[in-house]
Amino acid sequence: MARSNRFSKKTIETKDSDKTLSVETFDRLPSFNLIDGEFRQQIYKSDGTTGTIIFNSKKELIVKQFPIAERKGLVVPSWFYGLYQHNANIAIELARVLLKILESKNFHSGITKPFLNISEFILKKQLSALSDLNLSLFDEMINDIEYNRAKALCRDIQYVLAHCPTIQANINSEIQAYIFAHKESTPEEKTFAERLAKANVTNDYSDYVMFQIYAYTSACLSEIEDSYNDTINFLESDRYDSFFYETGAKLYKTLITEGGEDNFAKAFEIELTDNFRINRAVDKLRGTLNDVDKNQFVKFIEASEFKSIIPALPKELKLDPDVIFLCKNVLKQSLGNIVDYKNMFLSRFKSGKNISIQFCYERKLRHWKRTAFRQSQQSFSKWKLQHYFIYRAFYELNQSGKQTGETVQNVLLGRTNMFDFLCQQLLMAISGRNKEVVMSIPARINDINILENEDRFASEKSVELIGLKTRGHHRVAKQPESLSLPINSPMFRYIEILDKVRQIQFPNRTTFFVGDDVYKFWQKKFAINTEIKERNGNLIGTIDSTRFRKVFTGEILHKYLEKISNKDDLIRAVASDLKNSIPLVYLMQSSTAETMIASAIIGLQIKFIEHHLQVAATLKVNEAKSINDAAKRFLCDCIDPRNPDYAENLNIDYCKQFDHCLGCSKAEVYREHLPNIIYRCFQYEQVLLLNKDLYDTAYALKHHLAKQVIETFVTKASDGQQLHEHAFEVASSAWDDPDTYLLPPLLHPNA
């Protein structure tokens, strides 16, 4: 019985609207009949799912303009409509060729690229038939290509034209024999920068940009950490007082009236702590009360029966100090018997939104009418918004001091999705993991908090965060990807605070980071408000996480630390380099400098690990097989089996570890080895599905190296794509056949 092959391709069948048919035509191309100007057919896509390809001659279709519910699986060749308007016969012939190709290949975006180039050239030259094409015109078409893989595109165009029946046989033979040659550079040729811009290549951010992203993100997170910890300390200290206590109200009024930096800071400390207690109490009520109890709570507030609330609460809430503070001290003073206030509070309670401390203070403050207090209060309002970098990083300040959106208190206490955004951004910057992995980290694993998921293989006490990433040779399913995070790192401290807040705020959350794609929501605003810029002074406009430098922190900060003995030296070095002294020096004067240095240590550790994730073998991408006397191995040829170096301090007479070859500099990999390496990937992926712990421990690094080798052959070999397709077919056929083994099975004592 054949082994189940997760990677096998599905056979494509041509479908009409009612049933599946196999249609033969005189030229062996599929039939193509437009009905009311449209032709539809089922296809298979590269991920194995089915889709529908649509050709329309009456109107130009754009997938994004379809209703969202109908978009899934739709493919609309963008070249067809314009070409049909020029010449229907040419458009239909090329459409039939595309359908013919899709009988043996799954659809992916690269399949349509040669059709687009052919169509553009036909329109440019105003050809009346494909039979007008000759070798001279074909050469002109190829020379018009502006694409970083022009040679591969040339082969694809040749492949398409080989299927066109109206091109004369002798002309087609000449076209197929055509050998691509790169154009010689001329003074008029476009610059690399111009080609790069046209190609829309998402190259990595420079060190200059990455440092700003990292620095500003760290500054914001440092302010949240300081505000949260200072609030907890103040709440638990003998100094604690509240605006809703008689003594606290007098103190708050005096501090604001007298004004000044120190007095404003103390008054704001009272606001933060009251905000913290009120919202935490509301979170507990939302998360604990059932629908009946919630309705009773709402009725008591609507009737201004505040004294009746606590006796009606469940036992665990009756004794909670935050809930008692809210119900006994806050609600009566904030809402009273004013309908508008009560409705506003209940609206936020029901919708799950944060409670604003300004709203809770407003009723009482309206009775403090002294001019001196009013003037100082306006200054205090502006001070709060201008004093904290994080608020200016997300909001443009209004000169009046009045702001829309989240309040500065809720931002600083980590109660907004800005905290999720910042943690995601820093986690991606220091770890090299992408957004897909970071956003999918669960809140709990097997009912255990993810931050208690100990990484047993780490050299220092760490937690293992596990996200999901589309992996595998066919990218058909999401597989776990882990990230080890030392508990003594600033990053761990930040996400630990986030978890404490979210456990009460969203007790039933399934992912560690809440909400939809909050990164997408804030990436532009953060970039604009912090004025992140390129070295030439141009603002980047938005932050693209796909362009992050992997393990950036250790790599770039190391250069600043080499000749730096204190924080002031670091400030001067960075400010001098970036010429962006006002915001950067401001944030560097805070504890953020030490935080960034501590994070850099973690980044350097990750960088050291990344060094071992690189292929050490020599890759002979354009050589079929070796001609020397090297020892033959499954994945390579070994030029010196007596001196392997895949690990340090090896003490062996003759290497027989055939699965470590790709990490050894004594290995030479030729084209003939590619089927075996792909076959080995199948084996690694099988282990990943069956036993993740075993995979992570014994095979993850080897799998990583194998995929690097495959990718290098695809991108560097002169016929990389065809080489890969052939090697894949060989490996896949062997995997399907129970009687064929390209390689012995993976062996491990725990397998």
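Further up the page is the structure itself.
A brief report on the enclosed structure follows. Just so we're clear, the structure is a prediction, and the values are computed from it rather than from any experiment.

**Quick look at the pattern of salt bridges**
Right, so step 1: Scanning the entire structure with this criterion turns up 22 salt bridges.
Right, so step 2: Note that lysine 125 is salt-bridged to glutamate 140, the shortest N-O span being 2.6 Å. Placement of lysine 125 in helix H4 (residues 113-125) and of glutamate 140 in helix H5 (residues 135-143) is noted, with a sequence separation of 15 residues between them.
Right, so step 3: Residue classification places lysine 125 among the partly exposed positions, given a relative accessible area of 32%.
Right, so step 4: Judged by its relative accessible area of 27%, glutamate 140 is partly exposed.
Right, so step 5: One salt bridge in this structure joins glutamate 225 and arginine 493, with 2.5 Å as the shortest N-O distance. Within this pair, whereas glutamate 225 is found in helix H9 (residues 207-235), its partner arginine 493 is found in helix H23 (residues 490-505), the two being separated by 268 residues in sequence.

**Side note on the environment of phenylalanine 244**
Right, so step 1: Looking at where phenylalanine 244 falls in the secondary structure, it is placed in the loop between H9 and helix H10 (246-258).
Right, so step 2: For the pair formed by phenylalanine 244 and leucine 331, sequence separation is 87 residues and the distance between their alpha carbons is 9.8 Å.
Right, so step 3: Discounting residues that sit within four places of it in the chain, phenylalanine 244 has contacts with Asp274, Ile278, Phe325, Asn329, Val330, Gln333, Ser334, Cys360 and Tyr361.

**Some thoughts on the state of the cysteines**
Right, so step 1: Scanning the model with the defined rule gives zero disulfides in all.
Right, so step 2: In this structure cysteine 664 is a free cysteine whose sulfur lies 6.0 Å from that of cysteine 638, the closest cysteine sulfur available.
Right, so step 3: With relative accessibility at 6%, the residue cysteine 664 sits in the buried group.

**What about the packing of aromatic side chains?**
Right, so step 1: The full count for this structure, using the stated rule, is 46 aromatic pairs.
Right, so step 2: Ring centres of phenylalanine 55 and phenylalanine 80 lie 5.1 Å apart, and the angle between their planes is 70°; this geometry places the pair in the edge-to-face category. Residue phenylalanine 55 is found in strand E2 (residues 50-56), and its partner phenylalanine 80 is found in helix H2 (residues 80-86); the two are separated by 25 residues along the sequence.
Right, so step 3: It is lysine 105 that lies over the ring of tyrosine 159; its NZ or CZ is 4.7 Å from the centre.
Right, so step 4: Over the aromatic face of phenylalanine 512 sits the side chain of arginine 509, whose NZ or CZ is 5.2 Å from the ring centroid.

**Overview of the sheet that holds strand E10 (residues 637-638)**
Think of a sheet as strands paired side by side through backbone hydrogen bonds, with each pair either parallel or antiparallel.
Right, so step 1: Strand order in the open sheet formed by four strands is E8-E11-E10-E9, and the pairing between neighbours is mixed. Among the strands making up the open sheet, the edge pair consists of strand E8 (618-619) and strand E9 (631-632).
Right, so step 2: Where E10 meets strand E11 (residues 667-669), two bridges bridge the pair, whose relative direction is antiparallel. Each residue of the ladder has a partner; that of aspartate 637, found in E11, is glutamate 668.

**Describing H5**
Right, so step 1: Those residues of H5 that fall on the buried side of the exposure criterion are Leu137, Phe138, Met141 and Ile142. Down the axis of H5, the buried set is contained in an arc of 140°. They therefore lie on one face.
Right, so step 2: Against H4, helix H6 (150-162) and helix H7 (169-177) lie the buried residues of H5.
Right, so step 3: Regarding H5, its N-cap is asparagine 134, as a side-chain oxygen of that residue lies 3.1 Å from the backbone nitrogen of serine 136 further along.

**Re the side chain of arginine 633**
Right, so step 1: By secondary structure assignment, the location of arginine 633 is in the loop between E9 and E10.
Right, so step 2: For arginine 633, which is buried and forms no salt bridge, the nearest opposite charge comes from aspartate 637, at a distance of 8.1 Å.
Right, so step 3: Within polar-contact distance, the side chain of arginine 633 engages the side chain of tyrosine 654 at 3.4 Å.
Right, so step 4: With residues up to four places along the chain from it excluded, the contact list for arginine 633 reads Cys638, Pro641, Tyr654, Cys655, Phe658, Cys661 and His673.

So, how was this worked out
- Residues numbered from 1 in each chain as written.
- Predicted model: local features only at pLDDT ≥ 70, side-chain atom pairs only at ≥ 80, totals over all residues.
- Heavy atoms only, no water.
- Salt bridge = Lys/Arg side-chain N within 4 Å of Asp/Glu carboxyl O.
- Helix = DSSP H or I, 4+ residues; strand = E, 2+ residues; numbered from the N terminus.
- Buried < 20%, exposed > 50% of the residue type's maximum accessible area, 1.4 Å probe, protein only.
- Contact = heavy atoms within 4.5 Å.
- Disulfide = S-S within 2.5 Å.
- Phe/Tyr/Trp six-rings, centres within 6.5 Å; stacked < 30°, edge-to-face > 60°.
- Lys NZ or Arg CZ within 6 Å of the ring centre and 35° of its normal.
- Pairing = 2+ DSSP bridges.
- Arc of directions from axis to C-beta.
- Polar contact = N/O pair within 3.5 Å; in protein donor to acceptor, adjacent residues only side chain to side chain.
- Lys, Arg positive; Asp, Glu negative; His and termini not counted.

Any link to function would need more than the numbers given here.
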